[in-house]
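Descriptive structure summary
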Amino acid sequence: MALFTFDPKDHPTQPGVYLFRNDQARVLYVGKARNLRQRLRSYAQGGDGRPNIPVMLRHAVSVETIVTASEVEALILENNLIKEHRPRYNLFFKDDKSYPFIRVTRETVPRIFLTRRQVRDGSRYFGPYTDVKHLRSFLTEIKEQLRIRDCDLSITEESVAQNKHRVCLNYHIGKCGGPCEGKEDLADYARRVELVVDILKGRAAGLRRDAERRMREAAATLEYEEAARQRDTIAVLDQFMARQKAERGVDEDLDVIALAVEDNDACCALLRVRGGRILGRYHSFLNGALKAAPEELVSRFLEQYYSQCEDLPPLLLVPVQPGDTELISTWLSERRGAKCELRWPQRGEKVGLLKLGESNAQMLLSNLQLARMKRERIPETLKALQRDLDLPALPRRIEGFDISHFMGESTVASLVVFVDGKPRRSEYRHFHVRTVSGIDDFASMEEVVRRRYTRRLREETELPDLILIDGGKGQLGRAAYVLRELGLERLPVIGLAKRLEEVFVPGESEPRNLPKISSANRLLQHVRDEAHHFAITFNRKLRRQAAIVDPLEQIPGLGPKTQERLLSHFGSLGKIKAASVEELCTVQGIGRKLAELIHSTFHS
């Protein structure tokens, strides 16, 4: 399918957004640009280096542009269009659920409650929050202690004056001050609402110091009611602060954004730090991350998250410098109404916060993949391996081979078996190489592969979905030759070279370099390392046995069975050497004459 061609000169040079559509007018991709014509010129030439763009251009039939007044407006419009159309070739982070916000309404008597939907009516929103259970508990407790109303009445000064409302049970049990009947001062109620807002903004420590000072001052002037109110405020703040984690060495307001990527999945985790304390965590996932740079992933998360979040701190810590840093900083500062700085520290105390965020992101991503594996019963790693190596079937059974010898002597081979990405040690096998003398790994590999699959064909037992040869082109070539000879050329076989972890495929001159972040790469290395360890362990065992048996074999009249009895009785060659003639005579089949011969052999 040919790439979509168009003339960039048909489009303006102003900032704005562009939309590629397919033959059904569906939006395939949305992008922003400072200069639309200049940006579209790279698409007209086949793409800007990102691997998903040429694929998109094969399906596009038209491109539409929308001019904006500034690049910041273009960023906002791009984000809105992505939300609306969900284009297939745009990166879009998804929550595994819709997380709630805390809403503080803009009313005469404000309400505070959880919501999953934002209404632009002047209300203030905090969040989103992921720990909903504890959030509900905290909100219930703090509203009860500060006597914030829990009803949904539309209370105004007019409705109070006209006695339109009646107090409910909460008033009678002390959970509400009864503002609906004008039974409390609205200024004092507003103060308590702002106290909750300040707590949500992470100012609890400073508020506690102020409340403690006011309580002492009120007590000194005998204003006991005010002192009691401040005492209650301190109790609420202490309860809230006890829920938070310990100090992290920074006493400021910031958000920590961390990224974890594995195969085609990515997770961005955000830690909300206020006054040096971690108030909460938010995360979202992305499928389709393998072909995206970390800078692009971070940029997309920032644009998507902060377009709906209004609680912006003055500082954001990010793992890498995002694309369009200056533009995003300007947009974030406009959203906050004050400066919002992006920083990607390389050393110092803030690196510890980034590492904490990264461990959270990695844990969340692992949980996602584990849940998917349980649901689908197929590890994601196998899908990644099938994709990276263009395998005809899912490699549920992998067999790996390695050769081991000691200076050309005691040549052996190992076979390891992995099923669904996990070693099945009951099917591991050792081979004594019989037809090869000296150092010839190529011929040794040919012999072992022939013996293994000749027997499997004869016994009509299960064949692997992938064969891994520990070595480069030479060993791989011999293995592929044997498989063709046996009529098994359909079996996928690869070679994994140790030096650069290069993957060789028959018929291809250049190695395939699997993505470093791919779990498929780690699985192949695990199979190779297991085969190598199994082979070298067997080789060492044979050499140890040879070192033990050889001196005994030199003694005339000492047959194999008697040698076994000696080793079984004494346990080692050293103890046989140290034994006296009388002790040797205690072994079945050894008389005094033979005992003296054994003793003299070791002590002559």
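Conventions we followed
- Residues numbered from 1 in each chain as written.
- Predicted model: local features only at pLDDT ≥ 70, side-chain atom pairs only at ≥ 80, totals over all residues.
- Heavy atoms only, no water.
- Helix = DSSP H or I, 4+ residues; strand = E, 2+ residues; numbered from the N terminus.
- Buried < 20%, exposed > 50% of the residue type's maximum accessible area, 1.4 Å probe, protein only.
- Contact = heavy atoms within 4.5 Å.
- Areas by Shrake-Rupley, 256 points an atom, 1.4 Å probe, with all protein chains shown as cover.
- pLDDT = per-residue confidence, 0-100.
- Pairing = 2+ DSSP bridges.
- Axes fitted to C-alpha atoms, helices over the stretch in contact; angles between N-to-C directions.
- Phe/Tyr/Trp six-rings, centres within 6.5 Å; stacked < 30°, edge-to-face > 60°.
- Salt bridge = Lys/Arg side-chain N within 4 Å of Asp/Glu carboxyl O.
- Polar contact = N/O pair within 3.5 Å; in protein donor to acceptor, adjacent residues only side chain to side chain.
- Parallel < 35°, antiparallel > 145°, perpendicular 65-115°, else oblique.

Along its length, the chain carries 20 helices and 18 strands. The buried share among the 604 residues of the chain stands at 47%. Expressed as a percentage of contacts within the chain between residues at least 6 apart in sequence, the contacts between residues at least 24 apart total 63%. Accessible surface, the chain as shown: approximately 30700 Å² in total, 48% of it carbon and sulfur.

Per-residue confidence for the chain gives a mean pLDDT of 82, with 90% of residues at or over 70. The secondary-structure element of the chain with the lowest mean pLDDT is helix H9 (residues 224-243), recorded at 73, while strand E16 (residues 466-470) shows the highest, at 93. Between residues 244-249, whose pLDDT stays under 50, and residues either more than four places distant or in other chains, the model counts 15 contacts.

A few words on the sheet that holds strand E5 (residues 112-115). In spatial order, the strands read E5-E4-E6; together these three strands make up an open sheet with antiparallel pairing. The open sheet is flanked by E5 and strand E6 (124-126), the only strands paired with a single partner. Each adjacent strand pair in this sheet contributes to an overall mean axis angle of 30 degrees, direction not counted. One ladder, built from three bridges, connects strand E4 (residues 101-104) with E6; its direction is antiparallel. For Arg103, the partnering residue across the bridge sits in E6 and is Tyr125. Helix H7 (residues 186-200) contacts E4, E5 and E6 of the sheet and is inclined by roughly 40 degrees relative to E6.

Moving on to the packing of aromatic side chains. A complete count under the given rule lists 15 aromatic pairs for this structure. Consider the rings of Tyr282 and Phe301, whose centres lie 6.4 Å apart with planes at 35 degrees: the pair is tilted. Of this pair, Tyr282 sits in strand E9 (residues 277-287) while Phe301 sits in helix H10 (residues 294-306); the two residues are 19 residues apart in sequence, bridging distant segments of the chain. Judged by centre distance (4.8 Å) and plane angle (85 degrees), the ring pair of Tyr305 and Tyr306 falls under edge-to-face. Using a relative accessible area of 2% as the deciding quantity, one classes Tyr305 as buried.

Turning our attention to the pattern of salt bridges. Applying the stated rule across the entire model yields 37 salt bridges. Arg21 serves as the salt-bridge partner of Glu64, at 3.1 Å between the closest nitrogen and oxygen. Of this pair, Glu64 sits in strand E3 (residues 62-67) while Arg21 is found in strand E1 (residues 16-21), placing the two residues 43 residues apart along the sequence. Residue Glu64 is classed as partly exposed on the basis of its relative accessible area, which comes to 32%. One salt bridge connects Arg124 with Glu194, and the closest N-O pair in it is separated by 2.7 Å. Linking Arg124 in strand E6 with Glu194 in helix H7, this pair joins segments that are 70 residues apart in sequence. Note on Arg124: relative accessible area 30%, which makes it partly exposed. By relative accessible area, which is 33% here, Glu194 ends up partly exposed. Where salt bridges share partners, they join Arg397, Glu399, Arg424, Glu427, Arg452 and Glu462 into one cluster.

A few words now on the sheet that holds E1. Strand order across the open sheet formed by three strands is E2-E1-E3, with antiparallel pairing between neighbours. Strand pairing shows two members of the sheet lacking a second neighbour, strand E2 (27-33) and E3, which therefore form its edges. Averaged over all adjacent pairs, the angle separating strand axes in this sheet is 20 degrees, with direction ignored. As judged from the six bridges shared by E1 and E3, these two strands associate in the antiparallel manner. Looking at the pairing, Val17 lines up with Ile66 of E3.

The next thing to look at is the side chain of Arg111. Secondary-structure assignment places Arg111 in the loop between E4 and E5. A distance of 2.9 Å separates a polar atom in the side chain of Arg111 from a polar atom in the side chain of Glu107.

A few words on the pairing of E1. In terms of burial, E1 is largely enclosed, as six of its six residues are buried. Neither face of E1 is exposed, since Gly16, Tyr18 and Phe20 on one face and Val17, Leu19 and Arg21 on the opposite face are all buried. In the sheet, E1 pairs with E2 via six bridges, with the strands oriented antiparallel. Bridging across to E2, Tyr18 finds its partner in Gly31.

For Lys422, the location among the structural elements is in strand E14 (residues 422-423). The class for Lys422 is exposed, based on a relative accessible area of 56%. Distance in space between the C-alpha atoms of Lys422 and Ile398 is 9.5 Å, their sequence separation being 24 residues.

With their axes 10 Å apart at the nearest point, helix H3 (residues 71-85) and H10 run at an angle of 85 degrees to one another. The pairing of H3 with H10 is recorded here as roughly perpendicular in orientation. Residue-level contacts link Leu75, Glu78, Asn79 and Ile82 of H3 to Arg300, Glu303 and Gln304 of H10.

This brings us to the environment of Arg117. In this structure, Arg117 sits in the loop between E5 and E6. Along the backbone, Arg117 and Pro100 are 17 residues apart, and their C-alpha atoms lie at a distance of 7.7 Å.

Let us now look at unusual backbone geometry. Despite not being glycine, Arg86 shows a phi value in the positive range, around 50 degrees. The residue Arg86 is located in the loop between H3 and E4 in this model. With relative accessibility at 48%, the residue Arg86 sits in the partly exposed group. At Leu222, a position not held by glycine, the phi torsion is positive, near 65 degrees. Assignment of secondary structure puts Leu222 in the loop between helix H8 (204-220) and H9.

By the element assignment, Asp465 lies in the loop between helix H14 (441-459) and E16. The class of Asp465 is partly exposed, set by a relative accessible area of 26%. Separated by 74 residues in the primary sequence, Asp465 and Leu391 place their C-alpha atoms 8.7 Å from one another. Those residues within four positions of Asp465 in sequence are excluded, and the remaining contacts are Leu394, Pro395, Arg396, Arg397 and Pro492.

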